[in-house]
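One-letter residues, chain by chain:
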Amino acid sequence: APPVVVIGTTRDPATPYAWAVGLADQLDSGVLVTFDGDGHTAYRRGAPVCITEPVTSYLLTGKAPPATRC
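The model shown is predicted, which means the values in this text are computed figures rather than measured ones.

Draft legend 1. The arrangement of helix 2 (residues 49-61) in detail. Helix length check: helix 2 (13 residues) gives 17 Å between terminal C-alpha atoms against 18 Å at 1.5 Å per residue, within 8%. Looking at helix 2, one finds that the buried residues are Ile51, Thr52, Pro54, Val55 and Tyr58. Its buried side turned inward, helix 2 meets strand 1 (4-11) and strand 2 (30-38). Two residues or fewer after helix 2 comes Gly62, characterised by a positive phi angle close to 80°.

Draft legend 2. Summary view of the pairing of strand 2. Here strand 1 runs beside strand 2; their pairing, made up of 7 bridges, is parallel. Across the sheet, residue Ile7 finds its bridge partner in strand 2, namely Val33. A crossover connection joins strand 1 to the parallel strand 2 through helix 1 (residues 17-26); in handedness this β-α-β unit is right-handed. As paired strands, strand 2 and strand 3 (residues 68-69) are joined by 2 bridges and run parallel to one another. Each bridged residue has a counterpart across the sheet, and for Val33 the counterpart in strand 3 is Thr68. Of the crossover connections in this fold, the one passing from strand 2 over helix 2 to the parallel strand 3 is left-handed.

Calculation rules
Residues numbered from 1 in each chain as written. Predicted model: local features only at pLDDT ≥ 70, side-chain atom pairs only at ≥ 80, totals over all residues. Heavy atoms only, no water. Helix = DSSP H or I, 4+ residues; strand = E, 2+ residues; numbered from the N terminus. Expected span 1.5 Å × (residues − 1). Buried < 20%, exposed > 50% of the residue type's maximum accessible area, 1.4 Å probe, protein only. Contact = heavy atoms within 4.5 Å. Pairing = 2+ DSSP bridges. Right-handed = clockwise from strand over helix to strand, strands pointing away.

Limitation: the analysis is restricted to geometry and does not speak to function.
Structure, rendered in structure tokens:
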């Protein structure tokens, strides 16, 4: 399967971070990008570059970034 990037936020009030970890682990081609912060949406305007750059690159090229935590 093509790579699937899962974005998890460590202090997400709506979807626990453990769910993102579990989903990425269940996918044969899952890659976890972790935002160590608050909020429900990590990939958004004003998000840190360590999240936006790898995710935007993935969306444009289909090539998954390495697992990242920032």
